[in-house]
Amino acid sequence: MAEQYLRFQRGNYVVRDIEKSLRFYRDVLGFEVAFIKDSPDDSYSYPVFEIERSTAIRFAVLNTASQQRVMALTEVPGDHPEVAHPRRAAIVLEVGDVDAVVSAAQEAGCHVYEEGELLTHDGRSGREVGLLDYDGNLSVIYHIPPAS
């Protein structure tokens, strides 16, 4: 009998243009590019993301300084429908400097939501801010200062 376990591999967002998206994920959020690759014709992305098989797609896999291949971007060129509301997915990222990330996102022309106060289940308080990439994919950054 197979061993039961669960390991989170990576999140993935569909984007129209990897290079443009990297201005957000790499230059604003701080991800590192592990690799960019053309997807094979039989990629599992076609059926699960419901991509027309005649569309050439590629993907980028991203690292953080401490986590390998934790995020991916699947490039599907062309027009995409507007993201439905309420949004159905987000990545949540702890960052060291909320102000620097927010400033970089604003300079990159990305939508920045009004900052909120983060109250944790165990009574700690921090900051959180929602950011949209160029395709309307949501990232929420947060920081909880260490207890003094």
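The structure under discussion appears in the preceding block.
What comes next is a walk through the structure.

Conventions adopted
Residues numbered from 1 in each chain as written. Predicted model: local features only at pLDDT ≥ 70, side-chain atom pairs only at ≥ 80, totals over all residues. Heavy atoms only, no water. Helix = DSSP H or I, 4+ residues; strand = E, 2+ residues; numbered from the N terminus. Phe/Tyr/Trp six-rings, centres within 6.5 Å; stacked < 30°, edge-to-face > 60°. Buried < 20%, exposed > 50% of the residue type's maximum accessible area, 1.4 Å probe, protein only.

Description of unusual backbone geometry
For step 1, the next point in the chain: A cis geometry characterises the amide bond from His85 onward to Pro86, with omega recorded as 0°.
For step 2, the next point in the chain: Along the chain, the position of Pro86 falls in the loop between strand 4 (71-75) and strand 5 (90-94).
For step 3, the next point in the chain: The residue Glu50 is not glycine, and still its phi comes out positive at about 55°.
For step 4, the next point in the chain: Of note, Glu50 is situated in the loop between helix 2 (45-48) and strand 3 (58-63).

Regarding the packing of aromatic side chains
For step 1, the next point in the chain: This structure, assessed with the given rule, holds 4 aromatic pairs.
For step 2, the next point in the chain: With centroids separated by 6.5 Å and ring planes inclined at 50°, the aromatic side chains of Tyr13 and Tyr25 adopt a geometry described as tilted. Pair noted here: Tyr13 is in strand 1 (residues 11-15) and Tyr25 is in helix 1 (residues 18-25), with a separation of 12 residues, a long-range link. Side by side, Tyr13 and Tyr25 carry an identical accessibility label, which is buried.
For step 3, the next point in the chain: Ring geometry for Phe35 and Phe59: centres 5.9 Å apart, planes at 80°, overall edge-to-face. With Phe35 in strand 2 (residues 32-38) and Phe59 in strand 3, this pair connects stretches of sequence that are 24 residues apart.

So far we have only geometry, and geometry alone does not tell us how the molecule works.
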